[in-house]
Amino acid sequence: LPPNLYIWATMNTSDQSLFPIDSAFKRRWDWVYVPIQRADKEPENKWIIKVTHGGKTYWCYWWEFLEAINHQIEETTHSEDKQLGYFFAKPKAGENFISADTFVNKVVFYLWNDVFKDEDSAVFQYDNDKVEDVSINRSGTMYFRHFMENKDEMIHYFINQLFAMGKNSTPVVPIDYLKNDTDSKVIEHLPKMRELEAESPSAEVIPEEIIDDADSK
């Protein structure tokens, strides 16, 4: 082979229905590990998750959700293999929010069917004491059909409960709680989906100080 011929390939270690790659074959390649990274420094990638129910619209940053769910995936499976990358789900063309349909059909279905279905995890267990602003009052296990029956409110419940589970003993602190913290002290608030006053979210309806803080986080 000529010395200027290079073959580049990528792989996801959590791909299923594939035979393991022989170690002798792998030794003949140079491997570079690429960790999951946030990609919202560019304005067009500053995505949010948006739901509407009870006459109100709620939202959170996509990256906030990814940090929280990936922590629970690692805690439950003791592996990074099944964690979600930034481009696992995307908004529709011309929009900056991941819709309820996309979130349920891609994100929730993957988490329920491929990650937590056979695991002992609280991610899909109802815990009404941890969730506000949602009228759902159930007990036991969240099933995928519950999300299909009531997408927006179930997403709100699911994400807020996920945030309330915290990250070890240190809760993930959303940027809007930090914007007035001039002394850089840790504020003991759990993140949750915030309320939007506008029905159609765009970069303009999210407070500028929140966007600025997200850039400097």
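Look up: the structure comes first, before these words.
Let me sum up the structure you'll find in this document. (Residues numbered from 1 in each chain as written. Predicted model: local features only at pLDDT ≥ 70, side-chain atom pairs only at ≥ 80, totals over all residues. Heavy atoms only, no water.)

## Things to note about the packing of aromatic side chains
Now for step 1: This model, assessed by the stated rule, comprises 17 aromatic pairs.
Now for step 2: When the centroid spacing of 5.1 Å and the interplanar angle of 70° are considered together, the rings of F65 and F103 count as edge-to-face. Pair noted here: F65 is in helix α2 (residues 62-77) and F103 is in helix α3 (residues 100-115), with a separation of 38 residues, a long-range link.
Now for step 3: An aromatic cluster is defined as three or more aromatic residues linked by ring pairs; in this entry it consists of W112, F116, F124, Y143, F147 and F158.
Now for step 4: Residue placement shows K50 over the ring face of F97; its charged tip is 4.4 Å from the ring centre. (Phe/Tyr/Trp six-rings, centres within 6.5 Å; stacked < 30°, edge-to-face > 60°. Helix = DSSP H or I, 4+ residues; strand = E, 2+ residues; numbered from the N terminus. Lys NZ or Arg CZ within 6 Å of the ring centre and 35° of its normal.)

## Some points on the sheet that holds strand β2 (residues 56-61)
Now for step 1: Taken in spatial order, the four strands line up as β3-β1-β2-β4 in an open sheet, and their pairing is mixed. Since the sheet does not close on itself, it has two edges, and those belong to β3 (97-98) and β4 (194-196), each with one partner.
Now for step 2: Pairing between strand β1 (residues 48-53) and β2: six bridges, direction antiparallel. What sits directly across from I48, in β2, is Y61.
Now for step 3: Its contacts with the sheet put α2 on β1, β2, β3 and β4, and the angle it makes with β2 is roughly 65°. (Pairing = 2+ DSSP bridges. Contact = heavy atoms within 4.5 Å. Axes fitted to C-alpha atoms, helices over the stretch in contact; angles between N-to-C directions.)

## Notes on a nonpolar patch on the surface
Now for step 1: Taken together, the side chains of L1, L5, I7, M11, I21, F25, W29 and W31 present a nonpolar region at the surface, about 910 Å² in accessible area.
Now for step 2: You can see L5 is positioned in the segment before α1 (23-26).
Now for step 3: On the basis of relative accessibility, which here comes to 45%, the residue L5 falls in the partly exposed class. (Patch = residues over 30% accessible without salt bridge, like charges linked within 9 Å, V, L, I, M, F, W, Y side chains within 5 Å. Areas by Shrake-Rupley, 256 points an atom, 1.4 Å probe, with all protein chains shown as cover. Salt bridge = Lys/Arg side-chain N within 4 Å of Asp/Glu carboxyl O. Buried < 20%, exposed > 50% of the residue type's maximum accessible area, 1.4 Å probe, protein only.)

## Quick notes on the packing of α2 against α3
Now for step 1: Running from N to C, α2 and α3 point in directions that differ by 10°, and their axes come no closer than 12 Å. Between α2 and α3, the angle falls in the class roughly parallel. Contact with α2, carried on its side by W62, F65, I69, I73 and T77, involves F103, V107, L111 and V115 of α3 and no other residues of that element.
Now for step 2: The residue inventory of the contact of α2 with α3, partitioned by class, reads eight nonpolar, one polar and no charged. (Parallel < 35°, antiparallel > 145°, perpendicular 65-115°, else oblique. Nonpolar A, V, L, I, M, F, W, Y, C, P; charged D, E, K, R; others polar.)

## Observations concerning a negative patch on the surface
Now for step 1: A cluster of acidic side chains, namely E74, E75, E80 and D81, defines a negative patch on the protein surface.
Now for step 2: If you trace the backbone, E80 turns up in the loop between α2 and β3.
Now for step 3: The exposure class of E80 is partly exposed, given its relative accessible area of 41%. (Lys, Arg positive; Asp, Glu negative; His and termini not counted. Charge placed at Lys NZ, Arg CZ, Asp CG, Glu CD.)

## Observations concerning the packing of α3 against helix α5 (residues 151-164)
Now for step 1: Between α3 and α5, whose axes approach to 10 Å, the crossing angle comes to 50°. Here α3 lies oblique to α5, going by the angle between them. In this structure, α3 meets α5 at a crossing whose hand is left-handed. Contact residues: α3 offers A100, D101, F103, V104 and L111, while α5 offers K151, D152, I155, F158 and I159.
Now for step 2: Partitioning the contact of α3 with α5 into residue classes produces seven nonpolar, no polar and three charged. (Left-handed = near helix turned anticlockwise from the far one by under 90°.)

All quantities given are derived from atomic positions and should not be read as evidence of function.
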